[in-house]
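Fold and contact review
Listed below are the residues making up each chain.
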Amino acid sequence: MNEIFLLARETVKVIFHLDRGYTRVAWERSENTAWAGTGWTFDIPTHVIPYDLRAIGSRFLLSIIKPNPNDREDIENIRNNRNSLFNIERLAFII
């Protein structure tokens, strides 16, 4: 069984790019947490962001996934699996 566990799914905004291939994003809203509007930021690998969404000010839906419920949630495990932890979806606007 290929179950995944969704840890967060939030709209984020690109704030700036960091050295060593990371991009800082800020939570804009919150479905299940109180992070939105509190200045909560998160650093994600730049290469997981589609090229056209990397510009400062871009917005997209960021999902943080835990593929295996038995994985440890320590920093070493997160660093080793960082490429599979993030899923990015384009926002769709209906006018």
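Structural notes, computed from the coordinates. Everything numeric in this text was worked out from a predicted model, so none of it was measured.

Once that is clear, we can look at the pattern of salt bridges. For the coordinates displayed, the defined rule picks out three salt bridges. A salt bridge links Arg-24 to Asp-43, with the shortest nitrogen-to-oxygen separation between them at 2.6 Å. Taken together, the positions of Arg-24 in strand S2 (residues 22-27) and Asp-43 in strand S3 (residues 41-45) put the pair 19 residues apart, joining distant regions of the chain. As a salt-bridge pair, Arg-90 and Asp-52 come within 2.8 Å of each other at their nearest N and O atoms. Residue Arg-90 is found in the segment after strand S5 (86-89), and its partner Asp-52 is found in the loop between S3 and strand S4 (59-66); the two are separated by 38 residues along the sequence.

Turning our attention to unusual backbone geometry. Although it is not a glycine, Arg-20 sits at a positive phi angle of roughly 65°. Looking at the element boundaries, Arg-20 is found in the loop between strand S1 (5-18) and S2. Here Arg-20 falls in the exposed class, since its relative accessible area comes to 80%.

About the thresholds
Residues numbered from 1 in each chain as written. Predicted model: local features only at pLDDT ≥ 70, side-chain atom pairs only at ≥ 80, totals over all residues. Heavy atoms only, no water. Salt bridge = Lys/Arg side-chain N within 4 Å of Asp/Glu carboxyl O. Helix = DSSP H or I, 4+ residues; strand = E, 2+ residues; numbered from the N terminus. Buried < 20%, exposed > 50% of the residue type's maximum accessible area, 1.4 Å probe, protein only.

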